[in-house]
Amino acid sequence: MSVLVVTGTDTGVGKTIVTAAIAALAYDRGSSVAVVKPAQTGVGPTEAGDLDEVRRLSGVTTTFEFARFPDPLSPAAAARVSGMPPVSLASAARRIEELRESNQLVLVEGAGGLLVRFDEDGATLADLAKRLGAQVLVVTRAALGTLNHTALTLEAMAHRGLDLAGLVIGEWPVEPGLAERCNVADLEMLAARPLAGVLPAGASRCGTGALPAATVGSGGAVPPDRAGSPDRAVPPDGAGSPHGAGSPDRAGSPDKAGSPDGAAGSAVGASGGSGVGGGESGAPVSRPATCADFTTLARRSLAPSLGGVFDPAAFRRTLKLTG
Ligand SMILES: Nc1ncnc2c1ncn2[C@@H]1O[C@H](COP(=O)(O)OP(=O)(O)OP(=O)(O)O)[C@@H](O)[C@H]1O
Ligand SMILES: C[C@H](N)[C@H](N)CCCCCC(=O)O
Ligand SMILES: [Mg+2]
């Protein structure tokens with residue numbers, strides 16, 4: 001149904017954890033969700049990639065990595081160096097369109113920022129989003145330097161007629177300094193809208209016994225019944241939370257288009273291996289505590305447009321910001 005492209009102002013800004021958070025919330029409310037990483041670079045054939053992290057945190061197992069290149073480079077450069085063929089934008093778009101037919105939400109995580117190249121012809125994630133007619137979510141940093149990177153990304157999107165789904169801060173520090181605090185209002189000014197989410201630092205430690213303190217959303221969350229904003233980027237399909245955090249969960253996803261990660265020409269094994277959602281048809285499986293914790297955190301950290309209850313105005317009040 002919907003495709004949401006997740007980009008960032010840079011590599012390492014938290015696209016993967018934000019993708020996992022959106023996936024967790026969609027899954028929790030009963031949506032069929034697929035997550036695609038068209039090109040994974042910087043990890044070897046047997047190493048964990050971004051989709052392993054998505055599976056670990058969200059419990060979503062319908063994940064697809066179209067190509068993997070070992071060198072930590074842009075997909076175009078990594079393909080060139082490895083001698084492997086680059087990712088074809090046309091074929092990536094085709095496969096995502098197929099997934100869209102059988103899933104209520106398809107999340108597509110880029111590599112690095114919006115204009116990083118997939119191939120020698122200069123195809124980018126922006127081209128993929130355009131071809132798919134997908135909204136683009138921009139993950140950004142909180143720290144000094146983010147205003148320029150964010151402005152450049154948003155300007156490039158506007159130039160290409162791409163629709164902004166929202167701006168999310170990927171990692172909000174436990175002790176924000178002056179720049180981080182001031183940047184909240186300035187980022188909202190650049191996006192011409194409130195933040196669509198703020199993930200707290202340490203969010204990826206879910207499941208390691210070190211869930212971060214509720215630095216975001218505590219006292220800022222709006223009641224769950226507000227989670228029906230008309231301008232939501234993620235469709236409000238499904239009623240209630242059939243996969244409620246910690247509750248018995250769905251059986252394996254019968255609605256997958258093709259087979260999950262690793263099965264379609266990828267060298268990547270299905271190393272998610274947690275058994276989440278992987279039960280025999282009809283047999284409920286439990287959602288591990290990692291995903292329950294992470295889903296709770298995701299709900300507090302993402303705005304209603306992304307399925308959560310994060311309230312940017314309350315967040316600003318908590319920071320004692322006026323902007
Ligand atoms: N909110 C957060 N809490 C804890 N760690 C975080 C958070 N956001 C990002 N990180 C960490 O920062 C690093 C980079 O983040 P991440 O891998 O999500 O970046 P990315 O934008 O997905 O980069 P890439 O372009 O490689 O896909 C990771 O080690 C991740 O665990
Ligand atoms: C290896 C890294 N983690 C990403 N997967 C790829 C980032 C490419 C960035 C290219 C660039 O903007 O210079
Ligand atoms: Mg990533």
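Quick notes on the rules
- Residues numbered from 1 in each chain as written.
- Chains lettered and ligands numbered in written order.
- Predicted model: local features only at pLDDT ≥ 70, side-chain atom pairs only at ≥ 80, totals over all residues.
- Heavy atoms only, no water.
- Near = heavy atom within 4 Å.
- Polar contact = N/O pair within 3.5 Å; in protein donor to acceptor, adjacent residues only side chain to side chain.
- Areas by Shrake-Rupley, 256 points an atom, 1.4 Å probe, with all protein chains shown as cover.
- 1 Å grid on protein atoms, 1.4 Å probe; cavity = no way out; pocket = protein on both sides within 12 Å on 5 of 7 lines; lining within 4 Å.
- Sits in = over half its atoms within 2 Å of the grid points.
- Helix = DSSP H or I, 4+ residues; strand = E, 2+ residues; numbered from the N terminus.
- UniProt positions renumbered as here; feature names shortened; annotations may be inferred.
- Contact = heavy atoms within 4.5 Å.
- Nonpolar A, V, L, I, M, F, W, Y, C, P; charged D, E, K, R; others polar.
- Pairing = 2+ DSSP bridges.
- Axes fitted to C-alpha atoms, helices over the stretch in contact; angles between N-to-C directions.

## A look at the site of ligand 1
Okay, step 1: Close to ligand 1 lie 20 residues, the nearest being Lys15, Thr16, Gly112, Gly170 and Gly202.
Okay, step 2: Separating a nitrogen atom of ligand 1 from a backbone N or O atom of proline 200 is a distance of 2.9 Å.
Okay, step 3: Note that a nitrogen atom of ligand 1 is positioned 3.1 Å from one of the side-chain N or O atoms of serine 204.
Okay, step 4: Out of a free accessible area of 620 Å², ligand 1 has 73% covered by protein chains.
Okay, step 5: According to the grid-proximity analysis, the pocket containing ligand 1 is the largest pocket.
Okay, step 6: Looking at the shell around ligand 1, the elements with two or more residues in it are helix H1 (15-28), strand E6 (164-172) and strand E7 (197-200).

## Points about the UniProt feature "binding site: substrate" (unreviewed entry) in the protein chain
Okay, step 1: Cross-referencing UniProt, the feature "binding site: substrate" (unreviewed entry) maps to Thr41 in the present numbering.
Okay, step 2: Excluding residues that lie within four positions of it along the chain, threonine 41 makes contacts with Phe69, Asp71, Leu73, Ser74, Pro75 and Ala78.

## Some details on the site of ligand 2
Okay, step 1: For ligand 2, the full set of nearby residues is Thr11, Thr41, Pro72, Leu73, Ser74, Gly112 and Val116.
Okay, step 2: Take threonine 11: an N or O atom from its side chain is 3.4 Å from a nitrogen atom of ligand 2.
Okay, step 3: For ligand 2, whose accessible area on its own is 390 Å², the fraction buried by protein is 60%.
Okay, step 4: Its atoms largely coinciding with the cavity grid, ligand 2 occupies the largest pocket.
Okay, step 5: When grouped by side-chain class, the residues that make up the shell around ligand 2 number three nonpolar, four polar and no charged.

## Quick look at the sheet that holds strand E3 (residues 63-69)
Okay, step 1: Strands sit in the order E3-E2-E4-E1-E5-E6-E7 across an open sheet of seven strands; the sheet is parallel. The sheet is open, and its two edges are formed by E3 and E7, each paired on a single side. For this sheet, the mean inter-axis angle between neighbouring strands, taken without regard to orientation, is 20°.
Okay, step 2: Bridge analysis of strand E2 (residues 33-41) against E3 gives six bridges, and the strand direction is parallel. Among the inter-strand pairings, glutamine 40 is bridged to a residue of E3, identified as arginine 68.
Okay, step 3: Across the sheet, helix H3 (residues 75-82) is in contact with E2 and E3; its angle to E3 comes to roughly 55°.
Okay, step 4: Across the sheet, helix H7 (residues 178-191) lies against strand E5 (135-140) and E6, angled at about 170° from E6, the strand it touches most.

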